[in-house]
Amino acid sequence: MSIPSPDISQFSIGPLTIHIYALCLMAGMILAWVLGRWRWVKRGGLAETWESIAFVAIISGIIGARIYHVLTHWGDYFGAGRDPITALYIWEGGIAIFGALIGGGLGALYVAWRKGARLSAFADALAPGLIFAQATGRLGNWFNQELFGGPDDGPLGLEIDPDRRPPEFRDVETFQPTFLYELTWNALGGLLLLWLDRKFTLGWGKLFALYMVVYGSGRFWIEGIRTDFSYLIGPFRTNQFTALIFIVVGLLLFAALHKLRPGREPWVERAGVGGPDEVTPAGETAGSGEAATDSDVATDEQSEDVGAEAGGPDPRET
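Rules behind the numbers
- Residues numbered from 1 in each chain as written.
- Predicted model: local features only at pLDDT ≥ 70, side-chain atom pairs only at ≥ 80, totals over all residues.
- Heavy atoms only, no water.
- Phe/Tyr/Trp six-rings, centres within 6.5 Å; stacked < 30°, edge-to-face > 60°.
- Lys NZ or Arg CZ within 6 Å of the ring centre and 35° of its normal.
- Helix = DSSP H or I, 4+ residues; strand = E, 2+ residues; numbered from the N terminus.
- Polar contact = N/O pair within 3.5 Å; in protein donor to acceptor, adjacent residues only side chain to side chain.
- Contact = heavy atoms within 4.5 Å.
- Expected span 1.5 Å × (residues − 1).
- Buried < 20%, exposed > 50% of the residue type's maximum accessible area, 1.4 Å probe, protein only.

## Regarding the packing of aromatic side chains
Part 1: Evaluated as defined, the whole model comprises 19 aromatic pairs.
Part 2: These aromatic residues form a ring-pair network of at least three members: Y68, F98, F208, Y211, Y215 and F246.
Part 3: We note R118 situated over the ring of W267; from NZ or CZ to the ring centre the distance is 3.9 Å.
Part 4: One Lys or Arg, R261, reaches over the ring of W204 and ends 4.3 Å from the middle of that ring.

## Looking at the side chain of T72
Part 1: Mapped onto the fold, T72 is located in helix 2 (residues 47-72).
Part 2: Here H69 takes part through its backbone oxygen, which lies 3.1 Å from a polar atom of the side chain of T72.
Part 3: Apart from residues no more than four positions distant in its own chain, T72 is found in contact with Y231 and T238.

## Thoughts on helix 6 (residues 178-200)
Part 1: The terminal C-alpha atoms of helix 6 lie 32 Å apart, and with 23 residues this matches the ideal 33 Å at 1.5 Å per residue to within 8%.
Part 2: Residues T178, F179, E182, N186, G189, G190, L193, L196 and D197 constitute the buried set of helix 6.
Part 3: Tucked inside the fold, the buried residues of helix 6 contact helix 1 (20-42), helix 5 (119-144), strand 3 (158-159) and helix 7 (206-223).
Part 4: T201 sits one or two residues past helix 6 and shows a positive phi near 50°.

So, in structure tokens, the structure goes:
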């Protein structure tokens, strides 16, 4: 018994070539978008704000993912006999989730600041959908027959075509299906995050901190059994080292937030439900409406005082 690999990784529609890996990534993005938007609105945020932040985060995330890949595979683009312009050829493959998280986070931070939204709440709303999206994206590695582990002749051994195998394993037919390991880990991690959020009502970025721990832990051990090329930082592969940083930062962040920021944010954006500039059905903000009411009360009280001083009847007695 073994796991067969798909026979195709792309198909054409007229002059357009569609890569199935790209479709898996797009499906993951849609999943994260829909689930995150629902969670954001449920927390009291505006759907329009979510869409603005998420759109920029996706674009900056793709840029960050490519930059991270190029930096961690420098020799493939700037080594002897290489053409540096190929660093821009993202359609030839090469993006990294850690770079996407860093780039996407920076983009989200900027738009959230401009919109008056709490980045911590956005991150918490996104976390479960994000790890589900990563699970979906791993299917693309299966179609591409890439990023697999070492030889495995067990029932879960993944069949890899000869031209896709590392030179040292040309005679090996089946390998560890790391795509399946990470897909399963991420899917279970997403369910865990949803349960923890429901059970303990987490806020202020605590759920995202737990996401960093859950994802980083799985990625650390799975990365260690992959056979694709990677630079080393000490005894660790580059992505293992980054995963270790994610785990440590996530744990420290959760501990600090648990102590300093218990519970959830009172509001997730200024114009959202409960925010100081909450949008009313009439299109006015709650802040401006409350200011007008206070002004009216003050005017009435002044009128009453003037009437009483002039000897006229007190309007409160008529």
